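If you want the building blocks of each chain, they are given just below.
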Number of protein chains: 2
Amino acid sequence: MRLNASSPIPLYRQLADRLRSEIDAGVYTIDSKIPSENDLADQFRIGRPTVRQATDLLVRQGQLERRRGSGTFVKKAEPAIDVLSLAGTSAAFSNSELNAQLELLSGATLESNGHYCVKRRALVDDIPVLLETLHFHAELFPGLDQQSLTDRSLSALVKEVYFLEPISADQTFSVLMADAHYANVLDLPEQTPLLHVHRRLHFHDNPDALHADIVCRTDRFEFSQTLYPTHANSHASSKAGQQTQPLQLKPL
Amino acid sequence: MRLNASSPIPLYRQLADRLRSEIDAGVYTIDSKIPSENDLADQFRIGRPTVRQATDLLVRQGQLERRRGSGTFVKKAEPAIDVLSLAGTSAAFSNSELNAQLELLSGATLESNGHYCVKRRALVDDIPVLLETLHFHAELFPGLDQQSLTDRSLSALVKEVYFLEPISADQTFSVLMADAHYANVLDLPEQTPLLHVHRRLHFHDNPDALHADIVCRTDRFEFSQTLYPTHANSHASSKAGQQTQPLQLKPL
DNA sequence: TTCATCAAGTTGTCTTGACAACTTGACCGT
DNA sequence: ACGGTCAAGTTGTCAAGACAACTTGATGAA
């Protein structure tokens, strides 16, 4: 069993790719041990330092962890942030202790501005908590009106059907007063103050493909997040500028 | 010039520490080149792979970058998130294009609940934008009332005087109506809806040492942040669970 | 049955050596 | 003066080898 020594792709990257696809294929499951460095070196007819380079790469990508004296183990993958939902994933939302549910108020309808509009509402113990209105750029999401919006999360749909993954997302916080529409949907008096979160997703080459407005009541529920400062001497270096700041002040 | 081969600290870590302190001391400045791997190996009487392990460590910590064929260069340090301010740093706040200023309304006064209370207000073009009330646990911040709160950022003070750095910070978003106090401080009518951000900083062993309430007007200004999802196959792996989620819904 | 010891196995550190791929600057020709 | 070529220098990749430090499981003794 050999790697392709004449390929321009370095041997260690070939091995890393192979190990990664074996992990993805379930050959090695979460918390299970991959073959030892010496075994992999024998198996692939390469030196142990080359094996270490490959496993180093996967360790740094969070897929493997090494335990000195024991071996190298597959780590549980951290779920990527789902910036299209409130609580991480739609599944987590409906399974949480909150007895929360997400209902689709209207599927993708094409608007005159060239966007598909989707409305959904979240309830906790049958109390309406928030209304979310999503706008999908119709040219980038062709046929969205023909897609089922309840079979999987919106992020999964965007990724699997349209092959788009956001590289960043802006969230803007403001306050608004409930008009008749919001009062009706959220079942509260008009002129109740509501938290408004405008979210805009940025994809490679398509900075304004998808945006959402989330209007929430904060009288019975709170909306929070946790920030993690990365300090100068920490283990993992974040990419340049890619840390979430607490809040930035901008004029309207 | 030798490293201490009988120390339990591996040679590569000793070299990394030495290089780091030389960078910190200004021996090598931003964008300048450190000695080549071969030169460092000669200089310190170690092998070149050991030098690479040291520079690898600093590369992964974001302090060095390697340019193949050219050498190894000092990178500009990314500022850590300042979770005690709105716009990153107090200095950035007053220097921004916004003509913004931060004024101290009241210095650290000891309250009956065992916290020092600090109030400050932000203005843009002399328009009051927000009021921030900070509560410092008096036992953890002894003598805070004797400290100048305007010479440096609060984060710098907390770090340099009290040797505390937050490992995380919670932000909770809700809405409130301006009472007479807020109406006065922010110069707007009573019953104006305001955005309320409750921020709680967590330190090692001291989960509730410092919290803040920030009350903002959103009629003329918006408050935003940018999220950066880390995807499964990205270069840099974030620590387990340490990505900022968009928002999490919790009952009051 | 429990605990201590030891051997085998595994990762962590380090060495010397070599070639590949790239960068940069000097030199030469037009 | 400008452009091309080449040599020297530098990082990137890879190898074989060795010892240190740790883990784990098996075995033997109490």
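Residues numbered from 1 in each chain as written. Chains lettered and ligands numbered in written order. Predicted model: local features only at pLDDT ≥ 70, side-chain atom pairs only at ≥ 80, totals over all residues. Heavy atoms only, no water.

**Focus on the sheet that holds strand 3 (residues 71-74) of chain B**
Residues and elements named next belong to chain B. If you trace the 3 strands from one edge of the open sheet to the other, you get 1-3-2, paired in antiparallel fashion. Single-partner strands in this sheet number two, and they are strand 1 (33-34) and strand 2 (64-67). Looking at chain direction, strand 1 and strand 3 are connected through 2 bridges and run antiparallel. Along strand 3, the bridge assignment pairs Lys33 with Phe73. Along the sheet face, helix 3 (residues 48-60) touches strand 1 and strand 2 and points at about 120° away from the line of strand 2. (Pairing = 2+ DSSP bridges. Helix = DSSP H or I, 4+ residues; strand = E, 2+ residues; numbered from the N terminus. Contact = heavy atoms within 4.5 Å. Axes fitted to C-alpha atoms, helices over the stretch in contact; angles between N-to-C directions.)

**Here's the deal with helix 1 (residues 11-24) of chain A**
All names here are of chain A. Taking 1.5 Å per residue, 14 residues should reach 20 Å; helix 1 reaches 20 Å between its end C-alpha atoms and fits that length. Taken together, the buried positions of helix 1 are occupied by Gln14, Leu15, Ala16, Leu19, Arg20, Glu22 and Ile23. Directly beyond the C-terminal end of helix 1, a positive phi value near 85° is found at Gly26. (Expected span 1.5 Å × (residues − 1). Buried < 20%, exposed > 50% of the residue type's maximum accessible area, 1.4 Å probe, protein only.)

**Examining the protein's contact with DNA strand C**
Not every one of the 24 residues close to DNA strand C is listed here, only the nearest: A:Arg48, A:Arg66, B:Leu11, B:Thr50 and B:Arg68. Counted by atom, the contact set of DNA strand C within 4 Å of the protein is 73% sugar and phosphate. Note that a base nitrogen of DNA strand C is positioned 3.1 Å from one of the backbone N or O atoms of A:Gly69. Listing elements by their share of the surface near DNA strand C, those giving two or more residues are helix 2 (37-44), helix 3 (48-60), strand 2 (64-67) and strand 3 (71-74) of chain A together with helix 1 (11-24) and helix 3 of chain B. The leading source of residues in the surface near DNA strand C is helix 3 of chain B, at 3 residues. A breakdown of the residues in the surface near DNA strand C according to their chemical character gives 5 nonpolar, 10 polar and 9 charged. (Near = heavy atom within 4 Å. Polar contact = N/O pair within 3.5 Å; in protein donor to acceptor, adjacent residues only side chain to side chain. Nonpolar A, V, L, I, M, F, W, Y, C, P; charged D, E, K, R; others polar.)

**Thoughts on the domain arrangement of chain A**
As a measure of interface size, the accessible area lost when the parts come together is often cited. What the domain assignment lists for chain A is domain 1 (11-74) and domain 2 (90-216). Taken over C-alpha atoms, the centre of domain 1 of chain A sits 40 Å from the centre of domain 2 of chain A. (Domains from an automatic or database assignment.)

**A look at a positive patch on the surface**
On the surface, a cluster of positive charge is made up of A:Arg13, A:Arg60, B:Arg13 and B:Arg60. Looking at where A:Arg13 falls in the secondary structure, it is placed in helix 1. A relative accessible area of 38% places A:Arg13 in the partly exposed class. (Patch = residues over 30% accessible without salt bridge, like charges linked within 9 Å, V, L, I, M, F, W, Y side chains within 5 Å. Areas by Shrake-Rupley, 256 points an atom, 1.4 Å probe, with all protein chains shown as cover. Salt bridge = Lys/Arg side-chain N within 4 Å of Asp/Glu carboxyl O. Lys, Arg positive; Asp, Glu negative; His and termini not counted. Charge placed at Lys NZ, Arg CZ, Asp CG, Glu CD.)

**Observations regarding unusual backbone geometry**
Residues and elements named next belong to chain A. A positive phi angle, close to 60°, is found at Asp187, a residue other than glycine. The phi dihedral of Gln191 falls on the positive side, at around 70°, and the residue is not glycine. Relative to the elements of secondary structure, Gln191 occurs in the loop between helix 6 (180-186) and strand 8 (193-203).

**A short note on the pattern of salt bridges**
Here the idea is simple: oppositely charged side chains can pair when their charged atoms come close. All names here are of chain A. This model, assessed by the stated rule, comprises 26 salt bridges over all chains. Across the pair Arg52 and Glu37 runs a salt bridge whose closest N-O atoms are separated by 2.7 Å. In this pair, Arg52 sits in helix 3 while Glu37 sits in helix 2, placing the two residues 15 residues apart along the sequence. Judged by its relative accessible area of 31%, Arg52 is partly exposed. Assessed through its relative accessible area of 12%, Glu37 is described here as buried.

**Comments concerning the side chain of B:His196**
Within the secondary structure, B:His196 sits in strand 8 (residues 193-203). Judged by its relative accessible area of 17%, B:His196 is buried.

**Observations concerning the sheet that holds strand 11 (residues 248-251) of chain B**
Read across the open sheet, the 8 strands follow the order 4(B)-5(B)-6(B)-9(B)-8(B)-7(B)-10(A)-11(B); overall the sheet is antiparallel. The sheet is open, and its two borders are formed by strand 4 (100-110) and strand 11 of chain B, each paired with just one other strand. Here the strands of the sheet are splayed against their neighbours by 25° on average, with no regard to which way each runs. Sheet analysis places strand 7 (residues 168-177) of chain B next to strand 8 of chain B, joined by 10 bridges and oriented antiparallel. When the bridges of strand 8 of chain B are listed, B:Thr172 appears paired with B:His198. Its contacts with the sheet put helix 5 (residues 154-162) of chain B on strand 5 (115-124), strand 6 (127-137), strand 8 and strand 9 (206-216) of chain B, and the angle it makes with strand 6 of chain B is roughly 15°.

**Considerations on the packing of helix 1 of chain B against helix 3 of chain B**
All names here are of chain B. Where helix 1 contacts helix 3, the two axes come as close as 8 Å, and the packing angle between them is 50°. When the axes of helix 1 and helix 3 are compared, the pair comes out oblique. Crossing handedness for the pair helix 1 and helix 3: right-handed. Here Leu11, Tyr12, Arg13, Leu15, Ala16, Leu19 and Arg20 of helix 1 come into contact with helix 3, specifically with Thr50, Val51, Gln53, Ala54, Thr55, Leu57 and Leu58. (Parallel < 35°, antiparallel > 145°, perpendicular 65-115°, else oblique. Left-handed = near helix turned anticlockwise from the far one by under 90°.)

**Some details on the confidence of the model for chain A**
Scored by pLDDT, chain A has a mean of 85; 90% of the residues are at 70 or more. A low-confidence stretch, residues 88-92 of chain A (pLDDT under 50), is modelled with 8 contacts involving residues beyond four sequence positions or located in other chains. (pLDDT = per-residue confidence, 0-100.)

**Some words on the protein's contact with DNA strand D**
Taken together, 23 residues are adjacent to DNA strand D, and A:Leu11, A:Thr50, A:Arg68, A:Ser70 and B:Arg66 come closest. Take the atoms of DNA strand D that sit within 4 Å of the protein: sugar and phosphate atoms are 74% of them. The contact in question runs from a sugar or linking oxygen of DNA strand D to an N or O atom on the side chain of A:Arg68, over 2.3 Å. With 3 residues, the top contributor of residues to the surface near DNA strand D is helix 3 of chain A. Its residues assigned to classes, the surface near DNA strand D shows 5 nonpolar, 10 polar and 8 charged.

**Describing the pairing of strand 8 of chain B**
Residues and elements named next belong to chain B. The buried fraction of strand 8 is high, at 9 of 11 residues. Examined bridge by bridge, strand 8 and strand 9 share 8 bridges and lie antiparallel to one another. Counted as the bridge partner of His196 is Val215 from strand 9. The antiparallel pairing of strand 8 with strand 9 creates a hairpin that spans 2 residues between the two strands, and Asp205 there sits at a positive phi of about 70°.

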